[in-house]
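Chain by chain, the residues run as shown.
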Amino acid sequence: MKLPILRAEHVDVLKSPKVSPAIAAAWLEAFLRDEFIVRRGISRAVVGLSGGVDSAVTAYLCAHTLGAENVYAFRMPYKTSSPSSLKDAQLVVDALGIHERTIEITAAVDGYLANESDADPRRRGNVMARIRTMVLFDQSAKLNALPVGTGNKTERMLGYFTWHADDAPPVNPIGDLFKSQVWELARYLGVPKAIIEKPPTADLVAEQTDEGDLGITYAKADAILAQLLRGYSDEQLIEQGFLADEVYLIRSRVDGTHWKRHLPTTALLSDTAINEFYLRPVDF
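Residues numbered from 1 in each chain as written. Predicted model: local features only at pLDDT ≥ 70, side-chain atom pairs only at ≥ 80, totals over all residues. Heavy atoms only, no water.

Caption draft 1: Inspection of the overall build of the protein at higher detail. Along the protein, the regular secondary structure elements total 12 helices and four strands. In summary, the protein has a C-alpha radius of gyration of 20 Å against a globular reference of 19 Å for 284 residues, a match within 12%. Counting only C-alpha atoms, the protein reaches 55 × 50 × 45 Å along its principal axes. A total of 284 residues make up the protein; the buried ones form 48% of that total. Of the contacts made within the protein by residues no fewer than 6 positions apart, 75% connect residues no fewer than 24 positions apart. Of the accessible surface of the protein, which amounts to about 14800 Å², a share of 56% is contributed by carbon and sulfur atoms. Charged side chains of the protein number 31 positive and 37 negative; the gap between the two group centres comes to 2 Å. (Helix = DSSP H or I, 4+ residues; strand = E, 2+ residues; numbered from the N terminus. Rg over C-alpha atoms; globule rule 2.2 N^0.38 Å. Buried < 20%, exposed > 50% of the residue type's maximum accessible area, 1.4 Å probe, protein only. Contact = heavy atoms within 4.5 Å. Areas by Shrake-Rupley, 256 points an atom, 1.4 Å probe, with all protein chains shown as cover. Lys, Arg positive; Asp, Glu negative; His and termini not counted. Charge placed at Lys NZ, Arg CZ, Asp CG, Glu CD.)

Set out below in structure tokens:
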């Protein structure tokens, strides 16, 4: 069925989607309580605290749900990381009263890359991201805790994350929130203003920013994604008023990174293949 065109006089589709922060916060805290306490019987959370808004919001949600005494934040800088990121992460620690530890990943990363002198920035960034994830999973085993994901919906839809790293934690409270919605929730939760207003960055390479890497602002990306996910074609999006090159950019990133949003593809040899046929009722 062809969807009707939503023109500007009907709704301002050119703006990023909104969310009710009070309802979202209550729902996400209930989600965390169910995933931790009810389903797994675990009361402690491990969060990688980068100094950015996504991990800050995740830490706030975990602290409100499980209690600050049960949240363990880890700062994992590389030698090129910005010192301001450590300071911003500390703002969250101080505001919430959660546990904090800083674990340098420079030696681990450089130990591997010493034998890979031809590694480009992309490969180096992937190594850093995966080392950080390894730290979180190891610390969760040590603390009898659960690692919590901090990737937002925009990054996940655009494939802007390292596979088997950023998206590896088994629980993610903000994975269905666009970046613009995460900012709304951050303001509601009282995340420090300095964190909300800073340019988003993975902080793997000096002077790197998310929007610079993506080639589009989060606000524009979210507005396009919201309509794209409703089923509108590129032509319909352009007719709504979106710029053609930005629509094609978002569409190509979504289509080209579809594989990153799924478990590894399994060759089917039976009718009991895990995650293909072998599903419990709760998996449907």
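Caption draft 2: Quick peek at the environment of Leu263. Position of Leu263 among the secondary structure elements: in the segment after α12 (244-256). The spacing of Leu263 and Ala22 is 241 residues in sequence and 32 Å in space, taken between C-alpha atoms.

Caption draft 3: Inspection of the pairing of strand β1 (residues 45-48) at higher detail. Burial along β1 is two-sided: the face carrying Ala45 and Val47 and the face carrying Val46 and Gly48 are both buried. Two strands pair when backbone bridges link them, and β1 and strand β2 (residues 71-75) are joined in this way by four bridges, in the parallel orientation. Within β2, the residue paired with Ala45 across the bridge is Val71. As a crossover connection, the stretch from β1 through helix α2 (residues 53-66) into β2 is right-handed. With two bridges connecting them, β1 and strand β4 (residues 146-147) associate as parallel partners. Residue Ala45 lies in a different strand from β4, and its bridge partner there is Leu146. (Pairing = 2+ DSSP bridges. Right-handed = clockwise from strand over helix to strand, strands pointing away.)

Caption draft 4: Here's a closer look at the pairing of β2. Here β2 lies mainly inside the structure; five of its five residues are buried. Alternating residues of β2 divide into Val71, Ala73 and Arg75 and Tyr72 and Phe74, and every residue in both groups is buried. Direction of pairing for β2 relative to strand β3 (residues 99-102): parallel, over a ladder of four bridges. Paired with Tyr72 across the bridge in β3 is His99. Note that the unit made of β2, helix α3 (residues 83-96) and β3 has a crossover that is right-handed.

Caption draft 5: Structural detail: the sheet that holds β2. The strand order across the open sheet built from four strands is β3-β2-β1-β4, with neighbouring strands paired in parallel fashion. Edge strands, defined here as strands with exactly one partner in the open sheet, are β3 and β4. Sheet strands touched by α3: β2 and β3. Its angle to β2, the strand with the most contacts, is close to 170°. Contacts from helix α5 (residues 121-143) reach β1, β2, β3 and β4, with the element oriented near 155° to β1. (Axes fitted to C-alpha atoms, helices over the stretch in contact; angles between N-to-C directions.)

Caption draft 6: Main features of the environment of Ala30. Mapped onto the fold, Ala30 is located in helix α1 (residues 21-38). Exposure remark for Ala30: the relative accessible area of 34% places this residue in the partly exposed category. Sequence separation between Ala30 and Pro173 is 143 residues; the distance between their C-alpha atoms is 10.0 Å.

Caption draft 7: Quick look at the packing of helix α10 (residues 218-228) against α12. Two elements in contact, α10 and α12, have axes separated by 10 Å at closest approach and are oriented at 65°. Considering the angle they form, α10 stands roughly perpendicular to α12. α12 is crossed by α10, and the crossing has right-handed handedness. Two secondary-structure elements touch here, α10 through Lys220, Ala221, Ile224, Leu225 and Leu228 and α12 through Glu246, Val247, Ile250, Arg251 and Val254. Tallied by class, the residues present in the contact of α10 with α12 amount to seven nonpolar, no polar and three charged. (Parallel < 35°, antiparallel > 145°, perpendicular 65-115°, else oblique. Left-handed = near helix turned anticlockwise from the far one by under 90°. Nonpolar A, V, L, I, M, F, W, Y, C, P; charged D, E, K, R; others polar.)

Caption draft 8: Looking closely at α2. Under the 1.5 Å per step criterion, the end-to-end length of α2 is 20 Å for 14 residues, consistent within 8% with the ideal 20 Å. With 13 of 14 residues buried, α2 lies mostly within the body of the structure. (Expected span 1.5 Å × (residues − 1).)

Caption draft 9: Molecular detail of the nonpolar core. Core analysis: the biggest nonpolar cluster contains 57 residues, and Phe36, Val57, Ile98 and Ile250 have the highest contact counts within it. If one sorts the elements of this core by residue count, α2 sits on top with nine residues. Ignoring sequence-local partners within four residues, the contact set of Val57 consists of Ile174, Val182, Leu185, Ala186, Leu189 and Val191. Among the nonpolar cores identified, the runner-up in size contains 17 residues, and Phe74, Met76, Met128 and Leu136 belong to it. (Core = buried A, V, L, I, M, F, W, Y, C linked by side-chain atoms within 4.5 Å.)

Caption draft 10: Structural context of the pattern of salt bridges. A complete count under the given rule lists 14 salt bridges for this structure. Of the charged contacts, one joins Glu35 and Arg39 as a salt bridge, the two residues approaching to 3.4 Å between their closest N and O atoms. For Glu35, a relative accessible area of 15% puts it in the buried group. In this structure, Asp110 engages Lys79 in a salt bridge whose closest nitrogen and oxygen atoms are separated by 2.9 Å. Placement of Asp110 in helix α4 (residues 106-113) and of Lys79 in the loop between β2 and α3 is noted, with a sequence separation of 31 residues between them. (Salt bridge = Lys/Arg side-chain N within 4 Å of Asp/Glu carboxyl O.)

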